[in-house]
Amino acid sequence: MYFADEPEHIAQLRATLRRFVADELPPELARDCDREHRFPRDVFARLAALGVCGLTIDASHGGQGRDLVAAVAVIEELCRRGAFLAGPFIHCAFYGGVNISENGDETQKRELLPRLARGELLFAYGLSEPDVGGDLASVTTTARLTADGERVVLNGCKRWCTGADFADYIYCLVRSDEEQPRYRNLSFVLVPPSAPGVTIQPIEHGNLRYTLSSDVVFDDVEIPAANIVGGRARWNDGWRMLAGPALDVEKIEITAVTFGIAQAAVEEAWRYAQERRQFGKPISGHQAVRHALVDARTRLEACRHMLYHGAWLAQQGRACSVETSMAKLFVADTAVEIALICQRVMGAYGLSGDFAMERHVRDLLGMPIVGGSSNMQKNNIANRLKLAE
């Protein structure tokens, strides 16, 4: 694992994706998508046709075979043009493919995974609530079984439910038992946003604008009991699903987004500095700029090692809660530093909508917050390493 060459199939995958992005997602289209809070659905369909959505799904269920390192490389390459294809890829391959592979019952795997592998289904997360962020065990959205046990009735509200406007299912964390103790009173259910009683209210936001985030309100929403993730046997077992291996993969996935965008920022500033001339030479010839760019690239390389070490551990099935939290923490915080360095190199042009740098900075400023904040990662690391309180 240490210092090994990248596997040939991943190198080939990168080359394919770079050609695809160059041909299918030009900078002008990325700017339009950012301005309009959307992703190009037709381009995503062509991306899915390459088979990449199956990289988190076993071949027995129609996937390419679980290869988390390759899936992370997909996110990295796509994010070099922003989140406009990486976003829906994650909603399919990770929110859907990883969670159903890890937690679904056999019927759910048989019915959903082949479609996820083909890129035909997209999931959204329904985790946070207006008064619940990091403390997810305190969710107040309720779910109860009907008297005949055939249906589940939901009431409550989810916040920051990104993708609810386009998802086929919301992968929704609910409080499913008023009598059981904390951590043993939670379940996951699959909620179609089109179900009667579901109301979606978009929330304006400044980063990762491949779609709007949303409030989602459930008012006596009824879904089949078959939509309980893992089946009836996993009712009230939601905390183990949330805090299990899928959480480590979630931290790696959002870290890959961060790394890919940070890499794009470094590449743009590096290129600009060699083209922009002041005082008779490229600004890359001035020591202050040279040192700034080298600092950014060095930090980027450290991020690369943290990210792919965590991805490799997760792929091997090793315990990696500490390493994935460290990767999420380090890469998110370091990427903000990288973004600001690169923006300063570009001066006023780093604030202009004519360059991607302005978007990169907006996207990266939010990364210490989304997907588990940096402070939450520090808490997790300290607890896992048994630091005395």
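The preceding data block contains the structure.
Throughout this document, residue positions are counted from 1 along each chain, in the order its sequence is written. A pLDDT threshold of at least 70 governs which residues receive local features in this predicted model, and a stricter bar of 80 or more applies before side-chain atom pairs are shown or counted, although totals over entire chains, interfaces and linings include all residues. With hydrogens and water set aside, each side-chain value is computed from the structure's full complement of heavy atoms.

Colleague: So what exactly am I meant to see when it comes to the pattern of salt bridges here?
Modeller: It is possible for side chains of opposite charge to pair when their charged atoms get near one another. Salt bridges are identified by distance alone: a Lys or Arg side-chain nitrogen within 4 Å of an Asp or Glu carboxyl oxygen. Enumeration according to the criterion identifies 29 salt bridges in this entry. Its salt-bridge partner being Glu120, residue Arg115 comes within 3.7 Å of it at the nearest N-O pair. Burial classification: accessible surface area is computed with a 1.4 Å probe over protein chains only, and a residue below 20% of its type maximum counts as buried, one above 50% as exposed, and the rest as partly exposed. By relative accessible area, Glu120 is classed as partly exposed at 39%. With a closest N to O distance of 3.9 Å, Glu204 and Arg209 form a salt bridge. One network of salt bridges, with partners in common, ties together Glu6, Arg14, Arg18, Glu76, Glu77, Arg80, Glu267, Glu301 and Arg304.

Colleague: Where do I start with the state of the cysteines in this structure?
Modeller: Covalent bonding between the sulfur atoms of two cysteines is what defines a disulfide. Two cysteine sulfurs form what is called a disulfide whenever their separation falls within 2.5 Å. Summed over all chains, the structure comprises zero disulfides. Its sulfur unpaired, Cys157 is 9.4 Å from the next cysteine sulfur, which belongs to Cys161. Summary of cysteine pairing: Cys320 is not part of a disulfide, and the nearest cysteine sulfur, belonging to Cys303, is at 18 Å.

Colleague: Would you mind showing me how to read the packing of helix H10 (residues 321–346) against helix H11 (residues 357–365) here?
Modeller: Every axis in this analysis is a line fitted to C-alpha atoms, fitted for helices over the stretch in contact. Angles between the N-to-C directions lie between 0 and 180 degrees. Numbering of helices and strands runs from the N terminus; a helix is a DSSP stretch of H or I covering at least four residues, while a strand is a stretch of E covering at least two. Viewed as axis vectors pointing N to C, H10 and H11 meet at an angle of 160°, and their least axial separation amounts to 9 Å. It follows that H10 is roughly antiparallel to H11 by the angle criterion. Both H10 and H11 take part in a crossing whose hand is left-handed. Taking contact as the criterion, the partners of Ala335, Val336, Ala339, Leu340, Cys342, Gln343 and Met346 in H10 are, on H11, Met357, Val361, Leu364 and Leu365. Should an angle lie under 35 degrees it is considered roughly parallel, over 145 roughly antiparallel, and from 65 to 115 roughly perpendicular; all remaining angles are considered oblique. Helix crossings fall into two classes, left-handed where the near helix is turned counterclockwise from the far one by less than a right angle and right-handed where it is turned clockwise. By the convention used here, residues are in contact when the closest approach between their heavy atoms is within 4.5 Å.

Colleague: Even after reading the chapter, I still don't get the environment of Arg184, so can you show me in this structure?
Modeller: Here Arg184 shows up in the loop between strand S4 (169–175) and strand S5 (186–191). For Arg184, a relative accessible area of 52% puts it in the exposed group. For the pair Arg184 and Leu247, spaced 63 residues apart in sequence, the C-alpha separation works out to 18 Å.

Without other data, these values stay purely geometric and don't point to any function.
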